[in-house]
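Examination of the molecular architecture
Spelled out from the first residue to the last, the chains are:
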Amino acid sequence: MYGNDFPGEDPPGGLLGEVEAAEAALRAAAARDRGAAEPGGDLAAYFAEVVDADQKIEPRDWMPEAYRRTLIRQIAQHAHSEIIGMQPEGNWISRAPSLKRKAILLAKVQDEAGHGLYLYAAAETLGVSRDELVDLLLSGRQKYSSIFNYPTLSWADVGAIGWLVDGAAIVNQVPLCRCSYGPYARAMIRVCKEESFHQRQGYEILHTLAHGTPAQKAMAQDSVDRWWYPSLAMFGPPDGDSTHSAQSMAWKIKRFSNDELRQRFVDMCVGQAEALGLRIPDPELRWNDERQAYDFTEPDYDELMRVIKGNGPCNRQRMEHRRRAHSEGAWVREAAAAYAAKRAVKEKEKVAA
Amino acid sequence: MSVNFALALALGDDALIAAQRLAEWSTRAPEMEEDIALSNIALDQLGAARLLLSYAGELEGAGRDEDALAYLRDDREFRNCLLVELPNGDFAVTMAKLLVLAAYQVPLYTALAGCPDERLAAVGAKARKESAYHLDHAALWVKRLGDGTEESHRRMQAGVDQIWPYADELFAAWPDAPVDPATLRPDFDDTVTAVLAEATLTVPEVGWTPAGGRDGVHTEHLSYLLAEMQVLHRAHPGARW
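This is a predicted model, so every value here is computed, not measured. (Residues numbered from 1 in each chain as written. Chains lettered and ligands numbered in written order. Predicted model: local features only at pLDDT ≥ 70, side-chain atom pairs only at ≥ 80, totals over all residues. Heavy atoms only, no water.)

1. Examining the overall build of chain A
Along chain A, the regular secondary structure elements total 14 helices and two strands. Against the 2.2 N^0.38 benchmark of 20 Å for 353 residues, chain A shows a C-alpha radius of gyration of 22 Å, consistent with a compact globule. If one aligns the C-alpha atoms of chain A with their principal axes, the spans along those axes are about 75 × 50 × 40 Å. Across chain A, the fraction of contacts at a sequence separation of at least 24, relative to all contacts at a separation of at least 6, is 78%. For chain A, the accessible surface area stands at approximately 15300 Å², while carbon and sulfur atoms represent 53% of it. Between the averaged position of the 44 positive side-chain charges in chain A and that of its 50 negative side-chain charges there is a distance of 7 Å. (Helix = DSSP H or I, 4+ residues; strand = E, 2+ residues; numbered from the N terminus. Rg over C-alpha atoms; globule rule 2.2 N^0.38 Å. Contact = heavy atoms within 4.5 Å. Areas by Shrake-Rupley, 256 points an atom, 1.4 Å probe, with all protein chains shown as cover. Lys, Arg positive; Asp, Glu negative; His and termini not counted. Charge placed at Lys NZ, Arg CZ, Asp CG, Glu CD.)

Next comes the structure, spelled out in structure tokens:
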């Protein structure tokens, strides 16, 4: 969709290769013979065998109820995040500073709606309907990623969201391309490929700003200053406090811990920030030769908890916006259903005549 | 100034302002699928706007590119029809606007595809296919809403009534232009009356026919639309984005 519209530098250390490797592994797993469960056999043992062999669990397979519930929760939250995540960037479509940027941003926000749709479709394979999931979001019983509760105050925030937020999302999601549940793994491969374009366009926006006028450079730095720590918090609480992790790892839904992924993200960003000519707002950031990784300051997890509980800068605004769009569209959806019902009756009469 | 420049500018402005309004639906559409569809249509309009404004800038020969034309003109210098600058209203108003716009753009771009100016012909050839989809999409919704529930019928009729007067301006005679819009009216009337009939809607009586957009005399809405669209670009004169 974007073609080669923005020929700027690619961010170093891209993750597309890993997505492609996951896709190849998925194909190879599908090609390997995966014997069907014996009728009357031990279903739990069969499930464990499939997961252990890095094969995919498919919708028709038996699965533990907790596995199903965990996946529904995780995939739905992911879908909700895509839908709510359209808002902060959508905030700048009308004011995008060039027609080319407007087209790219509009297409990007549209991609996110598309991601939301195929993630809801992946969740539906687990026996829950999209309408139910949307209700859970609108009633506040299911969450979306907390990062979208921060405001986009300048055009540079569109760049920072692409570079940092989409970058963190990709680091989180690339391992999900190898998730044990087939429909989710396949959806993630497609999502990750598009997200890598998004990250690239964000990086390119910041690169242009950082090499522009002093006011543009200041705008870019201010944006990185505000988005850095919330992006680190996207990986969730530190490993010691993470409630769902151990079981998800055993089921191969999750493959790396929150802290491992956070470290990977920091290590990836340092070189990219240098290439951009922007400063990561962390005075403690330095290479640790022993660990072969960067030491860095942890995000404020109390702030993360406050935002998760509903008290971030934009929680109320994001939910109100979504609820309003849903309720103002109700008469349209009802009309479409009524029209379809009338057409069905007419078709039946035609057949009968 | 050449008539080809004037036409490229007028049609480019139509497409740009239509794109700006349609993009306002992003994150607000009645269904997620519709959010995607409206963004698609906005992207098509924006794509046509960029081609037409770039070409207008070249024909003018004053060094203005698509962004200079989009961001650095005031409302009195815009040449779009009034239809596209009207606020979105509810979904029925938006679909009435889209039906009228697409039923005009399909024969317009089709005729343009056969005109002697190669660049305009190329835009017409590309855009007519997109407009055909816009027309299908709008027609489908006008039928669904017109023949859906009582409420949707009432809203759809109100939308058509509100938008209908603005159709006239689209077909004002322009005899020396590569395509004279006056010649497109019969095609437009056939298309729209057939859709409205199937939608169980009434074609409004024609009384008031506002115009002025092609001369740069707009509704009060355009200046607000431009203020928002242009604010960032104008705050940083000469910057690259």
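2. A few points about the interface of chain B and chain A
Each side of the interface is counted separately: chain B has 47 residues, and chain A has 48 residues. Note on chain B versus chain A: buried area summed over both sides is about 4100 Å², and carbon and sulfur give 65% of it. Along the contact surface separating chain B from chain A lie five salt bridges. Broken down by secondary-structure element, the contributors of at least two residues to the side of chain B that touches chain A are α1 (3–23), α2 (32–60), α3 (66–71), α5 (91–113), α6 (118–146), α7 (150–163) and α9 (221–235) of chain B. Across the side of chain B that touches chain A, the residue classes tally to 21 nonpolar, ten polar and 16 charged. (Buried area = accessible area lost by both parts, 1.4 Å probe. Salt bridge = Lys/Arg side-chain N within 4 Å of Asp/Glu carboxyl O. Nonpolar A, V, L, I, M, F, W, Y, C, P; charged D, E, K, R; others polar.)

3. Thoughts on the confidence of the model for chain A
Averaged over all residues, the pLDDT of chain A equals 92, while 94% of them reach at least 70. In the model, residues 1–10 of chain A has pLDDT below 50 throughout and makes 23 contacts with residues more than four positions away in sequence or in other chains. (pLDDT = per-residue confidence, 0-100.)

4. Some points on the nonpolar core
Ranked by internal contacts, the top residues of the largest apolar core, which has 188 residues, are Trp 155, Tyr 181 and Phe 265 of chain A together with Leu 16 of chain B. It is α5 of chain B that contributes the most residues to this core, 16 residues altogether. For Tyr 181 of chain A, the residues in contact, after removing those within four places along its chain, are Ile 57, Glu 58, Pro 59, Met 63, Tyr 67, Leu 71, Ile 75, Ala 122, Thr 125 and Leu 126 of chain A. (Core = buried A, V, L, I, M, F, W, Y, C linked by side-chain atoms within 4.5 Å. Buried < 20%, exposed > 50% of the residue type's maximum accessible area, 1.4 Å probe, protein only.)

5. A few points about unusual backbone geometry
With a phi close to 60°, Asp 54 of chain A is a non-glycine residue in the positive phi region. Counting through the fold element by element, Asp 54 of chain A comes out in the loop between α2 (43–52) and α3 (65–84). Phi is positive for Thr 200 of chain B, close to 60°, though the residue is something other than glycine. Looking at where Thr 200 of chain B falls in the secondary structure, it is placed in the loop between α8 (185–198) and α9. Here Thr 200 of chain B falls in the partly exposed class, since its relative accessible area comes to 41%.

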